[in-house]
Amino acid sequence: MAASQTLLCRQILLPEGWASDVVLTISGEGRIAAIDSNAEVKSSLVEAAGPVVPALANLHSHAFQRAMAGLAELAGSTDDSFWTWRDAMYRLVGRMSPDDIEAVATKLYSELLKGGFGRVVEFHYFHHALGGRHYASVGETSQRILRAAQAAGIGLTHLPVFYAHAGFGGTEPGEGQRPFIHDVDQFLALLQALKPDCEAAGATLGLAIHSLRAATPDEMRAILAAEETGGPIHIHVAEQEREVEDCLAWSGRRPVEFLLDEMPVDDRWCAIHATHMTADETRRLARSGAVAGLCPATEANLGDGIFPATDFAGFGGRFGIGTDSHVATTVAEELRLLEYGQRLRDRRRNRIASGSGASIGRTLFEAALAGGGQAAGMRSSGIRVGARADLVVLDGNNPFIGAASGDQILGRWLFALGAEVVRDVMAAGQWVVREGRHTNEEAIDNAFREVLLKLA
Ligand code: NGQ
Ligand code: ZN
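Treat the numbers as computed from the prediction; the structure is a model and nothing was measured. (Residues numbered from 1 in each chain as written. Chains lettered and ligands numbered in written order. Predicted model: local features only at pLDDT ≥ 70, side-chain atom pairs only at ≥ 80, totals over all residues. Heavy atoms only, no water.)

Draft legend 1. Spotlight on the coordination of the zinc ion (ligand 2). Surrounding the zinc ion (ligand 2) are the protein donor atoms His 60 (NE2), His 62 (NE2) and His 236 (NE2), which sit 2.0 to 2.1 Å from the metal. Expressed as a motif, the donor residue spacing for the zinc ion (ligand 2) is H-x1-H-x173-H. Highlighted residues: His 62 in the loop between β5 (56–61) and α1 (82–93) and His 236 in strand β10 (residues 233–237), separated in sequence by 174 residues. Across the pair, exposure class does not vary: His 62 and His 236 are buried alike. (Donors = N, O, S within 2.8 Å, 3.2 Å for Na, K, Ca; no water. Helix = DSSP H or I, 4+ residues; strand = E, 2+ residues; numbered from the N terminus. Buried < 20%, exposed > 50% of the residue type's maximum accessible area, 1.4 Å probe, protein only.)

Given below as structure tokens:
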């Protein structure tokens, strides 16, 4: 086990607020062992090269989709939509091997670290080969995700996904969906098989239901009654208007309404997207204690709509951010777009915080820190004694950052700069990003390039 280390932080964002000249002690196990605000600042101490903030948990990822990011920006017909994008995504699935998944996920996870994330929640539904052929090991593709997270050095919450149907009412899956499919018993066996693997890899295991389209209420109830992960439960819900219409036609209820009526939604749950809600659904979801899993760049890219963030936050709702299809991979892009969507809708400024002088950057960042931690199944989030040492050091040599103090730092980073000022990142006590580069960047890039060339 590695020795403990200390880090002098000239400015640091602690749960109580900004503090200066704090010495962190990080245990050999990669946890924060002490936070000392009154330490003697000795010149022998290792000093962070700029302001220190906690790394966020990214609450929603489909890692393999990073391979096609930017390539679906091609006009087909005038009806290009979420659904035509999905067909392109299914074509990618049909061409990727477990080795490809691992190389793409490793690259993505290294990029997420560079974007300011210290943990990723992988919503993993790509279980089988073309046509639905099962691999020899039931957990084959999950194991590739575990390995990718370890190779990149990012914390992982792994959510194997139950997926059984093409649409509401238990319809047969389409050919392109075969690599995703399990029945309830197979899915429960997968969760069992992955328990020791996740433990060995230091990953948190939870589960996901792909959507109300992909699972019947009876299947969902059977899974919830039998699963023993104790981890988070995620589901995609109400992302597209067509999903709302189809759900109404099938059940007479809207997706979020149906979910809240029929399932025991509480603080273990994360509702991914939840874009289309009535005021009543917004209030009920907020009161449930579940996290709304927002993926603003992907939601913009796919033409989903705008999440009612101001109303949801007004009802006390918890939210976090994910990068989903990975058209963006940074904390700054997601938080900025979340706020800008609200501004574009309302034609006003500063939507997510109210009260004189409240910092938008700080409000967004702290909400996403808490919501992301909850959705990832962490007991606590932020820089606290006992928590994993997941830290971001912003670049103090950058004049914008170097001249800023307190919440100005977050304003500059999140609204005017971006990942270029994420200088060093520590995950579980290890420096995995140094001076803006992943510590294994070259090997990761080489393996990733091979996959892209093969898929081209
Ligand atoms: C997914 N992605 O599972 O990757 C989905 C598309 C679906 C997003 N919703 C497929 N962004 O929802 O059916
Ligand atoms: Zn998703």
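Draft legend 2. Quick look at a nonpolar patch on the surface. On the surface, Leu 337, Tyr 340 and Leu 344 cluster together to form a nonpolar patch covering roughly 290 Å² of accessible area. One can find Leu 344 in helix α11 (residues 331–346). Relative accessible area serves as the criterion here: at 69%, Leu 344 is assigned to the exposed category. (Patch = residues over 30% accessible without salt bridge, like charges linked within 9 Å, V, L, I, M, F, W, Y side chains within 5 Å. Areas by Shrake-Rupley, 256 points an atom, 1.4 Å probe, with all protein chains shown as cover. Salt bridge = Lys/Arg side-chain N within 4 Å of Asp/Glu carboxyl O.)

Draft legend 3. Just the pattern of salt bridges, in detail. Applying the stated criterion across every chain yields a total of 32 salt bridges. Among the salt bridges present, the one from Asp 218 reaches Arg 221, with a minimum N-O distance of 3.3 Å. Of the two residues, Asp 218 and Arg 221 are both situated in helix α5 (residues 217–226); the distance of three residues between them amounts to about one turn of the helix. Residue classification places Arg 221 among the partly exposed residues on the basis of a relative accessible area of 35%. Where Asp 390 meets Arg 388, a salt bridge forms, and the shortest distance between an N and an O atom there is 3.0 Å. For the pair formed by Asp 390 and Arg 388, the shared burial category is buried.

Draft legend 4. Main features of the packing of aromatic side chains. Tallied over the entire structure, the rule returns 14 aromatic pairs. Centroid distance Phe 162 to Phe 187: 5.5 Å. Interplanar angle 65 degrees. Geometry classified as edge-to-face. Of the two residues, Phe 162 is situated in strand β7 (residues 155–162) and Phe 187 in helix α4 (residues 184–201); the sequence distance between them amounts to 25 residues. Centre to centre, the rings of Phe 307 and Phe 312 are 5.3 Å apart; their planes meet at 75 degrees, and the pair counts as edge-to-face. In this structure, Phe 307 and Phe 312 share a single accessibility class: buried. A connected cluster of aromatic rings, assembled from ring pairs, spans Phe 64, Tyr 90, Tyr 125, Phe 126, Tyr 163 and Phe 180. In this structure, Arg 242 is placed above the aromatic ring of Trp 83, and the distance from its NZ or CZ to the ring centre is 4.0 Å. (Phe/Tyr/Trp six-rings, centres within 6.5 Å; stacked < 30°, edge-to-face > 60°. Lys NZ or Arg CZ within 6 Å of the ring centre and 35° of its normal.)

Draft legend 5. Structural detail: the pairing of β5. Buried residues dominate β5, accounting for six of its six residues. Sheet topology places β5 next to strand β6 (residues 117–124); four bridges connect them, and they run parallel. Bridge pairing links Ser 61 to Glu 122 in β6. (Pairing = 2+ DSSP bridges.)

Draft legend 6. Spotlight on the packing of helix α7 (residues 255–262) against helix α8 (residues 279–288). The N-to-C vectors of α7 and α8 enclose an angle of 40 degrees; their axes lie 10 Å apart at closest approach. Relative to α8, the element α7 is oriented oblique. Along this stretch, α7 crosses α8, giving a crossing that reads as left-handed. The segment α7 lies against α8, with Pro 255, Val 256, Glu 257, Leu 260 and Asp 261 engaging Glu 281, Arg 284, Leu 285 and Ser 288. Considered class by class, the residues forming the contact of α7 with α8 number four nonpolar, one polar and four charged. (Axes fitted to C-alpha atoms, helices over the stretch in contact; angles between N-to-C directions. Parallel < 35°, antiparallel > 145°, perpendicular 65-115°, else oblique. Left-handed = near helix turned anticlockwise from the far one by under 90°. Contact = heavy atoms within 4.5 Å. Nonpolar A, V, L, I, M, F, W, Y, C, P; charged D, E, K, R; others polar.)

Draft legend 7. Examining unusual backbone geometry more closely. A positive phi angle, close to 50 degrees, is found at Asp 324, a residue other than glycine. Note that Asp 324 resides in the loop between β13 (318–321) and α11. Look at Asp 324 and you get buried, because its relative accessible area is 5%. Phi at Ala 428 takes a positive value of approximately 50 degrees, unusual for a residue other than glycine. With respect to the helices and strands, the residue Ala 428 is situated in the loop between β15 (422–427) and β16 (430–434). According to the relative accessible area criterion, Ala 428 is partly exposed, its value standing at 26%.

Draft legend 8. Highlighting the site of ligand 1. Around ligand 1 there are 15 residues in total, and Arg 86, Tyr 125, His 210, Arg 213 and Glu 239 lie nearest to it. Tyr 125 is positioned with one of its side-chain polar atoms (N or O) 2.6 Å from an oxygen atom of ligand 1. At 2.5 Å, a side-chain N or O of Glu 239 approaches a nitrogen atom of ligand 1. Contact with the protein chains hides 99% of the accessible area of ligand 1, taken as 340 Å² for the molecule alone. Per-element tally for the shell around ligand 1: the top contributor is α1, with four residues. Here the shell around ligand 1 is composed, by residue class, of five nonpolar, six polar and four charged. (Near = heavy atom within 4 Å. Polar contact = N/O pair within 3.5 Å; in protein donor to acceptor, adjacent residues only side chain to side chain.)

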